[in-house]
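Commentary on secondary and tertiary structure
Residue strings, one per chain:
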Amino acid sequence: MKVTSKQLVDVVTDVLCDVCGESTSQDGQYSPQFGLLHAEWGYGSPHDGESYQVHLCEGCFFTTLASLKEQRRGNTTFSEKGAELEEEFGLIEGHQEIL
Ligand SMILES: [Zn+2]
């Protein structure tokens, strides 16, 4: 048997971008949509015990992604695979062209 009662619960209604401070829900019009840069460093890492979580609005996310692509381009300049993976860097699901 389930026993129920009414309780007040905190609900996330918006997530602010940690870079620019903008709302990621268009000030509550939609559910928050954001990118997340997350890391938990453990034993063996110079950052052992540190956790990071950076929320990014759509604009800051794609600016960050462009910066990472640029860094990757620099690391793979002389590699053929670097150019192949460039367009979909980080994309695991999304638009596909209809043939
Ligand atoms: Zn932002």
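Anything mentioned here points back to the structure above.
Residues numbered from 1 in each chain as written. Predicted model: local features only at pLDDT ≥ 70, side-chain atom pairs only at ≥ 80, totals over all residues. Heavy atoms only, no water.

Let's talk about the pattern of salt bridges
Considering all chains together, one arrives at one salt bridge under this definition. Measuring nitrogen to oxygen at the nearest pair gives 2.4 Å for the salt bridge that ties Arg73 to Glu70. You can see Arg73 and its partner Glu70 sitting in helix H1 (residues 58-75), three residues apart, about one turn around the helix. Residue class for Arg73 comes out partly exposed when judged on its relative accessible area of 38%. For Glu70, a relative accessible area of 46% corresponds to the partly exposed category. (Salt bridge = Lys/Arg side-chain N within 4 Å of Asp/Glu carboxyl O. Helix = DSSP H or I, 4+ residues; strand = E, 2+ residues; numbered from the N terminus. Buried < 20%, exposed > 50% of the residue type's maximum accessible area, 1.4 Å probe, protein only.)

Description of the coordination of the zinc ion
Looking at the metal site, the zinc ion is ligated by Cys17 (SG), Cys20 (SG), Cys57 (SG) and Cys60 (SG), spaced 2.3 to 2.4 Å from it. For Cys17, a relative accessible area of 4% gives the class buried. (Donors = N, O, S within 2.8 Å, 3.2 Å for Na, K, Ca; no water.)

Overview of the layout of surface pockets
Empty space within the largest pocket amounts to approximately 360 Å³. Taken together, 13 residues line the largest pocket, and the ones lying closest to its centre are Phe62, Phe89, Gly90, Leu91 and Glu93. Of the residues belonging to the lining of the largest pocket, the class tally is six nonpolar, three polar and four charged. Considering the residues around the second largest pocket, the lining is formed by Ser23, Thr24, Ser25, Gln26, Tyr30, Gln33, Phe34, Gly35, Cys57, Glu58, Phe61 and Phe62. No other element matches the three residues that H1 contributes to the lining of the second largest pocket. Partitioning the lining of the second largest pocket into residue classes produces five nonpolar, six polar and one charged. (1 Å grid on protein atoms, 1.4 Å probe; cavity = no way out; pocket = protein on both sides within 12 Å on 5 of 7 lines; lining within 4 Å. Points joined across faces, edges and corners; volume = space filled by probe spheres on them. Nonpolar A, V, L, I, M, F, W, Y, C, P; charged D, E, K, R; others polar.)

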